[in-house]
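As a plain string of letters, each chain reads:
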Amino acid sequence: NSPWPAVAVRFGGIYGPGRTRLIDSVRGPAATRPIGAPIYTNRIHRDDCAGALAHLAFLPTPQPLYVGVDREPAEEGVVLRWLASRLGAPPPVEAGPEAGAEPEPEARRGRSSKRCRSDRLVRSGYRFRHPTFREGYESVLRGRGLALACFLSLPAPARGAADPPAPPASET
């Protein structure tokens, strides 16, 4: 029990300007998708991360925990094929570990295939700028990004009695 209120947000895979691993893999010489059962992924555009944090910072009584993912958990192969079609790249080929080989730790990381939901965040009043990977990646491919604008457009908090006094104006 802390005297300081806190809110935790667990973001899914963050992508956006400067975070283009999946786009880069599709543009590469041989993008692959795993063989076997579909692997569902959860992601969120960087601008929605910033927007969600700004939104939660100004809620009068936020919940203690939120899941920050877009509105559509998507099978990884679907995302890769969509990106390939938008980029004019060949569709990703199926690939898997060699027979009997144990996957590398990096390959095992994040392969839980969970479908997470951001219902609590949406019920709090947050509206996604990029509700699915399609709008988000389209924005990245077109070179758009508004993370800083989300914060710059927020109203300044009112000064209260607990705030330090403003510095004196300089005389000219």
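The written sequence of each chain sets the order in which its residues are numbered from 1. A pLDDT threshold of at least 70 governs which residues receive local features in this predicted model, and a stricter bar of 80 or more applies before side-chain atom pairs are shown or counted, although totals over entire chains, interfaces and linings include all residues. Hydrogens and waters are ignored; side-chain quantities use all the structure's heavy atoms.

(A) View of helix H6 (residues 133-141). Considered for burial, the residues of H6 that qualify are Phe-133, Gly-136, Tyr-137, Glu-138, Ser-139 and Val-140. Contact criterion: two residues are considered in contact whenever any of their non-hydrogen atoms come within 4.5 Å of each other. Put simply, DSSP H or I for four residues or longer makes a helix, DSSP E for two residues or longer makes a strand, and each gets a number counted from the N terminus. Here the buried face of H6 lies against strand E2 (13-15), helix H1 (21-27), strand E5 (43-45), strand E7 (74-75) and helix H3 (76-87). With a 1.4 Å probe rolled over the protein chains alone, any residue whose accessible area is under 20% of its type maximum counts as buried; one over 50% counts as exposed, and the rest are partly exposed.

(B) Examining the packing of aromatic side chains more closely. Stacked, tilted and edge-to-face pairs are distinguished by plane angle, under 30 degrees for stacked and over 60 for edge-to-face with tilted covering the rest, among Phe, Tyr and Trp rings (Trp via its six-membered ring) whose centres lie within 6.5 Å. With the rule as written, the count across this model stands at three aromatic pairs. A ring pair is formed by Tyr-15 and Tyr-137, whose centres lie 4.1 Å apart and whose planes are at 20°; its orientation type is stacked. Linking Tyr-15 in strand E2 with Tyr-137 in helix H6, this pair joins segments that are 122 residues apart in sequence. Assessed through its relative accessible area of 3%, Tyr-15 is described here as buried. Exposure remark for Tyr-137: the relative accessible area of 4% places this residue in the buried category.

(C) The pattern of salt bridges, seen in detail. A pairing counts as a salt bridge when a side-chain nitrogen of Lys or Arg comes within 4 Å of a carboxyl oxygen of Asp or Glu. One pass over the full model with this rule turns up eight salt bridges. When the shortest N-O distance is used, the salt bridge between Asp-119 and Arg-117 registers 2.8 Å. Looking at Asp-119, the relative accessible area reads 22%, which means it is partly exposed. Each of Arg-71, Arg-117 and Asp-119 takes part in a single network of salt bridges with overlapping partners.

(D) Molecular detail of the pairing of strand E6 (residues 65-68). Along E6, the buried face is formed by Tyr-66 and Gly-68; none of Leu-65 and Val-67, which line the opposite face, is buried. As paired strands, strand E1 (residues 8-11) and E6 are joined by four bridges and run parallel to one another. Residue Phe-11 lies in a different strand from E6, and its bridge partner there is Gly-68. Two strands are counted as paired when DSSP detects at least two bridges linking them.

As far as function goes, none of this settles anything; it's purely spatial.
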